[in-house]
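Structural features, examined
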Amino acid sequence: MDDLGGPIDRAEADAKFDRYLAALATHGIARWAVEDMTGVFLGYCGVMPRSIPNHPLGFHFEVGWRFRRAAWGNGYAYESAKAALVHAQNDLSLKSIVSYTAEDNLRSQSVMRKLGLIRDTSQDFTLSGSPKAWRGLVWVVPAKANIVAQ
């Protein structure tokens, strides 16, 4: 979360959760909680409709994830993102899904490559704001993606 301004407070977390519930009610899709086999919360992942005012990509669907550091390197991002994409494409017939990350987030870029996403430099963008400007590298889910449930 460092590149996104660091941890958020309870009010911001509640507002984010409300957005997820609204997305689920309206679009049938949202971020999912990801837990280990014992029920310990590891993070979240999923496809979200994004309608951020003045976002350079306009309205779009984005697959994304955030995990606790202790969960990194265990395949949770890949497995949960794969499941979210299968659901979005097969059950909801979403045709256009993107993912984006910071230039220095090599772990997420690795997950994107493993998922079969394609870099689209023509859609890269910069968001101005606090605490600093953020540059997003855009990856797209191919129309005929090889993402299948196993």
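In this report, we go over the structure that sits alongside the text.

What counts and how
Residues numbered from 1 in each chain as written. Predicted model: local features only at pLDDT ≥ 70, side-chain atom pairs only at ≥ 80, totals over all residues. Heavy atoms only, no water. Helix = DSSP H or I, 4+ residues; strand = E, 2+ residues; numbered from the N terminus. Rg over C-alpha atoms; globule rule 2.2 N^0.38 Å. Buried < 20%, exposed > 50% of the residue type's maximum accessible area, 1.4 Å probe, protein only. Contact = heavy atoms within 4.5 Å. Lys, Arg positive; Asp, Glu negative; His and termini not counted. Charge placed at Lys NZ, Arg CZ, Asp CG, Glu CD. Axes fitted to C-alpha atoms, helices over the stretch in contact; angles between N-to-C directions. Parallel < 35°, antiparallel > 145°, perpendicular 65-115°, else oblique. Left-handed = near helix turned anticlockwise from the far one by under 90°. Nonpolar A, V, L, I, M, F, W, Y, C, P; charged D, E, K, R; others polar. Core = buried A, V, L, I, M, F, W, Y, C linked by side-chain atoms within 4.5 Å. Expected span 1.5 Å × (residues − 1). Arc of directions from axis to C-beta. Polar contact = N/O pair within 3.5 Å; in protein donor to acceptor, adjacent residues only side chain to side chain.

1. Some points on the overall build of the protein
- What the protein contains, in helices and strands, is 3 helices and 7 strands.
- Going from the N terminus to the C terminus, the protein shows its helices and strands as α-β-β-β-α-β-α-β-β-β.
- Relative to a compact globule of 150 residues, whose C-alpha radius of gyration would be 15 Å, the protein shows 15 Å and is just as compact.
- Viewed in the frame of its principal axes, the protein has a C-alpha envelope of about 40 × 40 × 30 Å.
- Taking all 150 residues of the protein together, the buried fraction comes to 41%.
- Taking all contacts inside the protein whose residues are at least 6 apart in sequence as the whole, residues at least 24 apart take part in 55%.
- Averaging the positions of the 17 positive and the 15 negative side-chain charges in the protein gives two centres separated by 5 Å.

2. Comments concerning the packing of helix 2 (residues 76–91) against helix 3 (residues 106–115)
- The interhelical angle for the contact between helix 2 and helix 3, taken along N-to-C directions, is 50°, at an axis separation of 10 Å. Overall, the two elements helix 2 and helix 3 adopt an arrangement that is oblique. Crossing angle aside, the handedness with which helix 2 passes helix 3 is right-handed. In contact with Ala77, Tyr78, Ala81, Lys82 and Leu85 of helix 2, helix 3 contributes Val111, Lys114 and Leu115.
- When its residues are assigned to classes, the contact of helix 2 with helix 3 shows 6 nonpolar, no polar and 2 charged.

3. Overview of unusual backbone geometry
- The phi torsion at asparagine 54 lies on the positive side, around 65°, for a residue other than glycine.
- With respect to the helices, strands and loops of the structure, asparagine 54 is situated in the loop between strand 2 (41–50) and strand 3 (60–67).
- You can call asparagine 54 exposed: its relative accessible area is 79%.
- Even without a glycine there, the phi angle at serine 93 is positive, about 55°.

4. Some remarks on the nonpolar core
- Among the nonpolar cores identified, the biggest contains 25 residues, and Val47, Trp65 and Ile97 are the most heavily contacted of them.
- Elements with a minimum of two residues in this core: strand 2, strand 3, helix 2, helix 3 and strand 7 (134–140).
- Those residues in contact with valine 47 that sit more than four places away from it in its chain are Ile29, Ala30, Arg31, Phe61, Glu62, Val63, Ala84, Leu85, Ala88, Leu94 and Ile97.
- If you look at the next biggest cluster of nonpolar residues, it comprises 8 residues, including Leu57, Trp134, Val138 and Val140.

5. Some thoughts on helix 2
- With 16 residues, helix 2 should reach 22 Å at 1.5 Å per residue; the first-to-last C-alpha distance of 22 Å fits that figure.
- What helix 2 keeps buried is the set Ala77, Tyr78, Ser80, Ala81, Lys82, Ala84, Leu85, Val86, Ala88 and Gln89.
- The inward-facing, buried residues of helix 2 contact strand 1 (31–35), strand 2, strand 3, strand 4 (97–101) and helix 3.
- Serine 93 sits one or two positions beyond helix 2 and adopts a positive phi of about 55°.

6. Thoughts on helix 1 (residues 10–27)
- Spanning 18 residues, helix 1 covers 25 Å between terminal C-alpha atoms, matching the ideal 26 Å at 1.5 Å per step.
- Within helix 1, burial applies to Lys16, Tyr20 and Ala23. Looking straight down helix 1, one finds that the buried residues subtend no more than 65° of arc, so they occupy a single side. Exposed positions of helix 1 whose direction lies more than 90 degrees from the buried face are Arg10, Ala11, Ala25 and Thr26.
- Where helix 1 is buried, its residues contact strand 1 and strand 2.
- If you check the start of helix 1, you find a side-chain oxygen 3.2 Å away from the backbone N of alanine 11, and it comes from aspartate 9.
- Looking at the residues trailing helix 1, positive phi occurs at glycine 28, about 75°.

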